[in-house]
Amino acid sequence: MFYHFFYPLSSDYPIFNVFRYITFRAAYSGVTALVLSLILGTYMIRLLQKYQIGEKIRKHGPQHHNVKSGTPTMGGVLILFTFLLSTLLWANLSNSYIWIIIFSAVGFGAVGLYDDIVKLKSGDGLSVKAKLLCQTLLALAIGIYLVYFDPSRTEYATTLSVPFFKQLQPDLGIGYLFFIVFIIVGTSNAVNLTDGLDGLAIGPIIIATLTYTGIVYLSGHFKFAEYLDIQHIREAGEMTIVCTAVIGASLGFLWYNSYPAQVFMGDVGSLSLGGILGTIAVIVKHELLLILVGGIFVIEALSVIIQVGYFKYSGGKRVFKMAPLHHHFEQSGWAEPKVIVRFWIIAVVLAMIGLSTLKLR
Ligand code: 57M
């Protein structure tokens, strides 16, 4: 909004020229989201407490989680609200990628919010099938637009960039559409699985989004993209503003979600943040890299797949003491903050390796 309002004034007042620059707007988009979420966070937690919107802890979980019973949940509404407001204030709203990400955030957020409300009322959330169906339809809509209707990427609409291999850019044809759906839905669910300890999901979300902020900026810049020999996606640079809005909103949420948490994000937060991250990776055509940059989410999801698969196959035996993997370490005697911080450290290392692939090719 500021871009549309102030930039046209630059012909008379050159100072307003700064609103043209992505870097300027990205910085203030992050600050706006952070300040808003810090201020609104206190009020929201009080409101959630007042209306008793609190967490019901599962019976079979680690014992010490029982003290978390009643912790306000659905803090993801705060993340979504501050992210959306900051994006609408600072981004160039004529850029179609901004609207795709807003669509993804609101769509996945709505599925999560509905799930949270159903859980609050009846104990069990949406069925896995219903949740997956909604997520798949949302991701399919995003995929169809990107593959068939996006003028900025016609030359590489269905090709895949492979980390570490510059020349390897296979054209997956229609298969690319299904691949996109898999990445977006997979990321949304993997973040949801990871969100089981204070700050455990939001930390790696901040780290992965920060990594993609750099990638988005470079891919949208013709000269940098040419120098690094990465796919140049016209118009993608504007997504930098969305990325910093996610980071600001998430940092503000982490202020309250850090151990011991005053609020949980709920499915409204985890499904939407995962959806946003997956969508950004797909738009900027660094989809496979997300497996590395979002490696913590992948490891957590794999631990569940392995545990559940082996549990069924062996008739009740387990590979891990408990799944997802963070519960395994808790059951092994690690204190909760230790698990959280060590997972963050791994996320940082994976992000740095991910960034290095821009040059190591
Ligand atoms: C939801 N939700 C947390 C909170 C958060 C297939 C199966 C393995 C799936 C998996 C599952 O359902 N995972 C996804 C994870 C829950 O947090 C809420 O949910 C939102 C995110 N969706 O925002 O609202 C609990 O996590 C803790 N928490 C924190 N701090 C936070 O900042 O401490 C969350 C956020 C909260 C709180 O305790 O109540 C969750 O874990 O439920 N299932 C499981 O995760 C279960 N695993 C399991 O059953 N494994 C079996 C195998 C054979 C299937 C096994 O290994 O034995 C575990 N869930 C729990 N305890 N709670 C089992 C142990």
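Small disclaimer: the values here were computed from a predicted structure and weren't measured. (Residues numbered from 1 in each chain as written. Predicted model: local features only at pLDDT ≥ 70, side-chain atom pairs only at ≥ 80, totals over all residues. Heavy atoms only, no water.)

Colleague: Help me out: how do you make sense of the pattern of salt bridges in this one?
Modeller: Should their charged atoms come close, side chains of opposite charge can pair. Taken as a whole and assessed by the stated rule, the structure comprises 8 salt bridges. Note that Asp115 is salt-bridged to Lys119, the shortest N-O span being 3.8 Å. Here the residue Asp115 and the residue Lys119 both occupy positions in helix α4 (residues 96-122), the gap between them amounting to 4 residues, near one helical turn. Judged by relative accessible area, Asp115 falls into the buried class, the value being 1%. For Lys119, a relative accessible area of 31% translates into the label partly exposed. Among the ionic pairs, Asp267 bridges to Lys131, the shortest N-O distance being 3.2 Å. Here Asp267, found in helix α10 (residues 266-283), pairs with Lys131, found in helix α5 (residues 128-149); they are 136 residues apart in sequence, far enough to count as distant. By relative accessible area, Asp267 is classed as buried at 6%. (Salt bridge = Lys/Arg side-chain N within 4 Å of Asp/Glu carboxyl O. Helix = DSSP H or I, 4+ residues; strand = E, 2+ residues; numbered from the N terminus. Buried < 20%, exposed > 50% of the residue type's maximum accessible area, 1.4 Å probe, protein only.)

Colleague: Would you mind going over the site of the ligand with me for this structure?
Modeller: The immediate surroundings of the ligand are formed by 31 residues, with Arg58, Asn192, Asp195, Gly266 and Asp267 found nearest. Residue Arg318 places a side-chain N or O atom 2.8 Å away from an oxygen atom belonging to the ligand. Ala323 is positioned such that a nitrogen or oxygen atom in its backbone is 2.8 Å from a nitrogen atom of the ligand. Expressed as a share of its isolated accessible area of 1100 Å², the protein-covered part of the ligand is 84%. If you tally residues by element for the shell around the ligand, the top one is helix α12 (residues 295-314), at 4 residues. Split by residue class, the shell around the ligand holds 12 nonpolar, 12 polar and 7 charged. (Near = heavy atom within 4 Å. Polar contact = N/O pair within 3.5 Å; in protein donor to acceptor, adjacent residues only side chain to side chain. Areas by Shrake-Rupley, 256 points an atom, 1.4 Å probe, with all protein chains shown as cover. Nonpolar A, V, L, I, M, F, W, Y, C, P; charged D, E, K, R; others polar.)

Colleague: Could you clarify how one ought to interpret empty space enclosed by the protein in this entry?
Modeller: By rolling a water-sized probe across the atoms, one finds the places where empty space is left. Tallied over the entire structure, the rule returns 2 cavities of 30 Å³ or more. What the largest cavity holds in volume is close to 80 Å³. If you trace the largest cavity, you find it lined by Ser161, Val162, Pro163, Ile230, His286, Leu289, Thr357, Leu358 and Arg361. Residue classes in the lining of the largest cavity are distributed as 5 nonpolar, 3 polar and 1 charged. Computed from the structure, the second largest cavity encloses a volume of approximately 40 Å³. As for the second largest cavity, its lining consists of Pro204, Ile207, Ala208, Val293, Gly294, Gly295, Ile296, Phe297 and Ala347. Those elements giving two or more residues to the lining of the second largest cavity turn out to be α7 (202-220) and α12. (1 Å grid on protein atoms, 1.4 Å probe; cavity = no way out; pocket = protein on both sides within 12 Å on 5 of 7 lines; lining within 4 Å. Points joined across faces, edges and corners; volume = space filled by probe spheres on them.)

Colleague: Hey, could you run me through the layout of surface pockets in this one?
Modeller: By volume, the second largest pocket is sized at about 220 Å³. If you go around the second largest pocket, you meet 14 residues; those closest to its centre are Ile22, Asn95, Glu235, Gly237 and Glu238. Residues of the lining of the second largest pocket, tallied by class, amount to 4 nonpolar, 5 polar and 5 charged.

Colleague: Explain the packing of aromatic side chains to me, please; I cannot follow it from the model alone.
Modeller: The relation between two aromatic rings is expressed through the spacing of the ring centres and the mutual angle of the planes. Within the structure shown, the criterion is met by 17 aromatic pairs. For the ring pair Phe2 and Trp90, a centre distance of 4.8 Å and an interplane angle of 80 degrees mean the geometry is edge-to-face. Placement of the pair is Phe2 in helix α1 (residues 2-6) and Trp90 in helix α3 (residues 76-90), with a sequence separation of 88 residues. Through successive ring pairs, a cluster of aromatic residues spans Phe2, Phe5, Phe6, Tyr13, Phe16, Phe19, Phe24, Tyr28 and Trp90. The residue whose ring lies beneath Arg342 is Trp334, and the NZ or CZ to ring-centre distance is 4.8 Å. Sitting over the face of the ring of Tyr227, Lys359 holds its NZ or CZ atom 4.6 Å from the ring centroid. (Phe/Tyr/Trp six-rings, centres within 6.5 Å; stacked < 30°, edge-to-face > 60°. Lys NZ or Arg CZ within 6 Å of the ring centre and 35° of its normal.)

Colleague: Please explain helix α2 (residues 22-50) as it appears in this structure.
Modeller: For the α-helix, the turn length of 3.6 residues means that residues three or four positions removed from each other point alike. For α2, built from 29 residues, the straight-helix expectation of 42 Å at 1.5 Å per residue is met to within 8% by its first-to-last C-alpha distance of 41 Å. Residue Gly41 marks the point of greatest curvature in α2, where the axis turns by about 35 degrees. Those residues of α2 that fall on the buried side of the exposure criterion are Arg25, Ala26, Ser29, Gly30, Thr32, Ala33, Ser37, Gly41, Met44, Ile45 and Leu48. Tucked inside the fold, the buried residues of α2 contact α1, α3 and α9 (239-257). (Expected span 1.5 Å × (residues − 1). Bend = angle between axes of the 7 residues up to and from the residue. Contact = heavy atoms within 4.5 Å.)

Colleague: What is the right way to read unusual backbone geometry from this model?
Modeller: Most peptide bonds take the trans configuration, and most residues that are not glycine carry a negative phi. Residue Pro260 follows Tyr259 across a cis peptide bond; omega there is -10 degrees. Tracing the sequence through the fold places Pro260 in the loop between α9 and α10. Backbone geometry places Asp229, a non-glycine residue, at a positive phi of 60 degrees. Residue position: Asp229 is located in the loop between α8 (222-228) and α9. Phi at Lys285 is positive, roughly 60 degrees, even though this residue is not glycine. With respect to the helices and strands, Lys285 occurs in the loop between α10 and α11 (289-293).

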